[in-house]
Amino acid sequence: MTTPALLPLSGRRIPPLNLGPPSFPHHRATLRLSEKFILLLILSAFITLCFGAFFFLPDSSKHKRFDLGLEDVLIPHVDAGKGAKNPGVFLIHGPDEHRHREEEERLRNKIRADHEKALEEAKEKLRKSKEEIRAEIQTEKNKVVQEMKIKENKPLPPVPIPNLVGISGGDPEDNDIREKREKIKEMMKHAWDNYRTYGWGHNELRPIARKGHSTNIFGSSQMGATIVDALDTLYIMGLHDEFLDGQRWIEDNLDFSVNSEVSVFEVNIRFIGGLLAAYYLSGEEIFKIKAVQLAEKLLPAFNTPTGIPWAMVNLKSGVGRNWGWASAGSSILAEFGTLHMEFVHLSYLTGDLVYYKKVMHIRKLLQKMDRPNGLYPNYLNPRTGRWGQYHTSVGGLGDSFYEYLLKAWLMSDKTDHEARKMYDDAIEAIEKHLIKKSRGGLIFIGEWKNGHLEKKMGHLACFAGGMFALGADGSRTDKAGHYLELGAEIARTCHESYDRTALKLGPESFKFDGAVEAVAVRQAEKYYILRPEVIETYWYLWRFTHDPRYRQWGWEAALAIEKYCRVSGGFSGVKDVYSSTPTHDDVQQSFFLAETLKYLYLLFSGDDLLPLDHWVFNTEAHPLPVLHLANTTLSGNPAVR
């Protein structure tokens, strides 16, 4: 789920190898004489260097022991003036010295012959035309690419697939609900078809300009983010032709061997999460293979003094760095804390514990650290292991860290008690310091900044209503009812933020100062970019309560999106939800297809579609199955460890 500008595009949250010919001047049939002269000069210098190295470097052939019965040994030469050993000079004593010299001469002659042969080959190359040279280069490139493909497509070890329940179905009995679900499906098809037509292969779509779109979180490459993000939504909606289109693009074009700097967090939740979900739903091996290939490219991001990963990593070089705006060069809690679900599944599917160990190391480090007022600050320096600015939020920068503590417990079939304890401790501190009631009776979650509570709540924080409901069962001291009620109150507050706008769509953030409640004040906070968090909370509360208000509120949001965000080329965000004549931002976010439309579809489906006791959704709404890990080393159960 995503923020604007240079912030990581989610708070919660490649093109093929360039095989084109080398750049040669097209109007010349042969290399120019001056070019030949330069190449010959370089080759001559290289040969001279090689001969010099041969005659002046120590002779390794003399560094051998010989057992000839005369105790021939290597004797270090001693500098009489200093009495110190000089390891670079050796004297060989014994009757075989003549044989050593003959072997030495033979080696010199062989090297001379090899150099003369190399020089002749170089001269022969220079006699060839540019077309012949180009063809040879292309042949070598093709061989390298073929070898890489063989390596990349190496089959992974077979593992037992968890019992998958409810990957299709969910047909509602009520005709009205069925029609609403079909409308959501039609909206998905409109979004996908236009992306297929105007943005295919690009990361996202500009539906008004009708062309591809991307942001800095995906680097400079066309990685088809919308394709990967949308796959599981297409599958559960029964849009199988569209799913197969996406699968074919991934098989033929999705390549992570590119010189591109990407957000570790975003490509984890969107790409690895999306590919793993597509694999579990469809059983197609290609999705698992691609997920593992990408995960290997992310591992260098963990090469920091503390093991806390960098925010960004170059997929080709492995060089990592953090966002320039982050406090004191820190990593972000919601980014390095939102890897657990995907990395545990990677270890499960590959048998390689490296992924599991990376995320467990993060957890162990956090457990050892002091937390002001029991709260986790949003910034942690990966070099020093110290907190940055004391800023805590359940919205952007912090949110999905808490979500993944709870979901680690759920995904482990409720055996990861360590994760559950960390979640419960964190939620108690949040409830004590951040959750307040406004004068008008609305429960909201503020942000803690340097000892002060800012009475502002972001759209991203609205996911917490669903999180509290999801974590109610299993909470401490029989507080299940309390947390279910708290989730419902957060849902009501977030619905008010929608209802108090002209478009009935919620702003990016809203305040609770004095007479202003659940309303955005600053112009920069009045936009809606097709975000899913409020609808996500409606869906969770519908599943746990079956209160019809959540379907009603969800349908209100769907109608508003259809009326104000739909354009002929797809769906676009709007810049001001308080204006009755809104301006579009001309971006169809990939998470709109991955999350917003998926949660709406599930809201109007039966509970037998992706039941929550068998599936856990990552922060990009990609469903991953519960792993029954009682007999594996991945379990968080202390008895197993």
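Everything quoted here is computed from the prediction, not taken from an experiment.

Taking the UniProt record as the reference, the feature "binding site: Ca(2+)" (unreviewed entry) is found at Thr619. Note that Thr619 resides in the loop between strand 20 (615-617) and strand 21 (623-625). Within the structure, the side chain of Thr619 is placed 2.9 Å from the side chain of Glu403, a separation counted as a polar contact.

We now examine the packing of aromatic side chains. Tallied over the entire structure, the rule returns 25 aromatic pairs. Their ring planes at 20° and their centres at 6.3 Å tell us that Trp323 and Trp325 sit as a pair that is stacked. Exposure remark for Trp323: the relative accessible area of 5% places this residue in the buried category. Between Trp539 and Phe617, the ring centres sit 5.2 Å apart and the planes meet at 70°, which makes this aromatic pair edge-to-face. Here Trp539, found in helix 16 (residues 533-545), pairs with Phe617, found in strand 20; they are 78 residues apart in sequence, far enough to count as distant. An aromatic cluster is built from Trp539, Tyr540, Tyr599 and Phe617, whose rings are joined through pairwise contacts. Positioned above the aromatic ring of Trp200, the side-chain terminus of Arg196 is 4.0 Å from the ring centre. Over the ring of Trp409 we find Arg420, and its NZ or CZ is 4.6 Å from the ring centre.

Its volume calculated, the largest cavity comes out at about 150 Å³. If you trace the largest cavity, you find 14 residues lining it, with Gly337, His340, Val359, Phe401 and Leu405 closest to the centre. Those elements giving two or more residues to the lining of the largest cavity turn out to be helix 11 (354-368) and helix 12 (399-411). The residue makeup of the lining of the largest cavity, split by class, is 10 nonpolar, 3 polar and 1 charged.

By the definition in use, this model includes 37 salt bridges. Close ionic contact of Glu428 with Arg476 constitutes a salt bridge, the shortest N to O distance being 3.1 Å. Residue Glu428 is located in helix 13 (residues 417-433), and its partner Arg476 is located in the loop between helix 14 (464-470) and helix 15 (480-499); the two are separated by 48 residues in the primary sequence. Accessibility expressed as a relative area gives 36% for Glu428, which makes it partly exposed. Relative accessible area serves as the criterion here: at 26%, Arg476 is assigned to the partly exposed category. Here Arg549 ties to Asp547 by a salt bridge, and the two come within 3.1 Å at their closest N and O atoms. Accessibility expressed as a relative area gives 37% for Arg549, which makes it partly exposed.

Bringing the pairing of strand 17 (residues 516-519) into the picture now. Across 3 bridges, the pairing between strand 16 (residues 509-513) and strand 17 is antiparallel. Residue pairing for strand 17: Asp513 is matched across the bridge by Val516. Between strand 16 and strand 17, which pair antiparallel one after the other, the connecting turn spans 2 residues, and Gly514 there sits at a positive phi close to 60°.

We now examine helix 8 (residues 285-298). If you check helix 8, its first and last C-alpha atoms are 21 Å apart, about what 14 residues at 1.5 Å a residue would give, namely 20 Å. Of all the 14 residues making up helix 8, 11 are buried; the element is thus mostly covered by neighbouring parts of the structure.

Looking now at the environment of Cys565. With respect to the element layout, Cys565 can be found in the loop between helix 17 (548-564) and strand 18 (566-567). Considered as a pair, Cys565 and His584 are 19 residues apart in the sequence and their alpha carbons are 7.5 Å apart. For Cys565, the contacting residues outside a window of four places in its chain are Leu505, Tyr528, Leu530, Ala560, Gly570, Phe571, Ser572, Val574 and His584.

Next up on the list: the UniProt feature "active site" (unreviewed entry) in the chain. UniProt records the feature "active site" (unreviewed entry) at Glu266, Asp399, Glu508 and Glu533, using the numbering of this structure. The topology assignment puts Glu533 in helix 16.

Turning our eyes to something else, we now look at the sheet that holds strand 14 (residues 452-454). Strands sit in the order 10-13-14 across an open sheet of 3 strands; the sheet is antiparallel. On the outer flanks of this sheet lie strand 10 (391-392) and strand 14, each paired with one strand and no other. As paired elements, strand 10 and strand 13 (residues 447-449) share 2 bridges and run antiparallel to each other. Looking at the pairing, Thr392 lines up with Trp448 of strand 13.

Now for helix 13. Between its first and last C-alpha, helix 13 extends 24 Å over 17 residues, near the 24 Å set by a 1.5 Å rise per residue. Here helix 13 has its buried residues at Glu418, Ala419, Arg420, Met422, Tyr423, Asp424, Ala426, Ile427, Ala429, Ile430 and His433.

What follows deals with the side chain of Thr493. By the element assignment, Thr493 lies in helix 15. When neighbours within four sequence positions are excluded, Thr493 is seen to be in contact with Leu442, Ile443, Phe510, Phe512 and Ala518.

The final tally for this structure, using the stated rule, is 1 disulfide. Between the sulfur atoms of Cys462 and its disulfide mate Cys494 the distance is 2.0 Å. Taking the sign of the torsion about the S-S bond as the criterion, the disulfide between Cys462 and Cys494, at about -95°, is left-handed. With Cys462 in the loop between strand 15 (456-458) and helix 14 and Cys494 in helix 15, this pair connects stretches of sequence that are 32 residues apart.

Moving on, we come to the nonpolar core. Within the largest apolar cluster, 167 residues are counted, with the highest numbers of intra-cluster contacts made by Ile184, Phe271, Met457 and Phe468. A per-element tally of this core places helix 7 (residues 264-282) first, with 12 residues. Excluding anything up to four places from it in sequence, Ile184 contacts Met237, Trp555, Ala558, Leu597, Leu600, Tyr601 and Phe604.

Take unusual backbone geometry next. Of note in the backbone geometry, Leu530 takes a positive phi value of approximately 70° without being a glycine. One can find Leu530 in the loop between strand 17 and helix 16. Judged by relative accessible area, Leu530 falls into the buried class, the value being 0%. For His546, which is not a glycine, the phi torsion comes out positive at approximately 55°. By the element assignment, His546 lies in the loop between helix 16 and helix 17.

Let us look at the sheet that holds strand 15. Here we have 3 strands laid out as an open sheet, ordered 15-16-17, and antiparallel in their pairing. At either end of the open sheet lies a strand with only one pairing partner, and these are strand 15 and strand 17. Along the sheet, successive strands turn relative to each other by an average axial angle of 15°, direction set aside. Alignment of strand 15 against strand 16, held across 3 bridges, turns out to be antiparallel.

Parameters and conventions
- Residues numbered from 1 in each chain as written.
- Predicted model: local features only at pLDDT ≥ 70, side-chain atom pairs only at ≥ 80, totals over all residues.
- Heavy atoms only, no water.
- UniProt positions renumbered as here; feature names shortened; annotations may be inferred.
- Helix = DSSP H or I, 4+ residues; strand = E, 2+ residues; numbered from the N terminus.
- Polar contact = N/O pair within 3.5 Å; in protein donor to acceptor, adjacent residues only side chain to side chain.
- Phe/Tyr/Trp six-rings, centres within 6.5 Å; stacked < 30°, edge-to-face > 60°.
- Buried < 20%, exposed > 50% of the residue type's maximum accessible area, 1.4 Å probe, protein only.
- Lys NZ or Arg CZ within 6 Å of the ring centre and 35° of its normal.
- 1 Å grid on protein atoms, 1.4 Å probe; cavity = no way out; pocket = protein on both sides within 12 Å on 5 of 7 lines; lining within 4 Å.
- Points joined across faces, edges and corners; volume = space filled by probe spheres on them.
- Nonpolar A, V, L, I, M, F, W, Y, C, P; charged D, E, K, R; others polar.
- Salt bridge = Lys/Arg side-chain N within 4 Å of Asp/Glu carboxyl O.
- Pairing = 2+ DSSP bridges.
- Expected span 1.5 Å × (residues − 1).
- Contact = heavy atoms within 4.5 Å.
- Disulfide = S-S within 2.5 Å.
- Core = buried A, V, L, I, M, F, W, Y, C linked by side-chain atoms within 4.5 Å.
- Axes fitted to C-alpha atoms, helices over the stretch in contact; angles between N-to-C directions.

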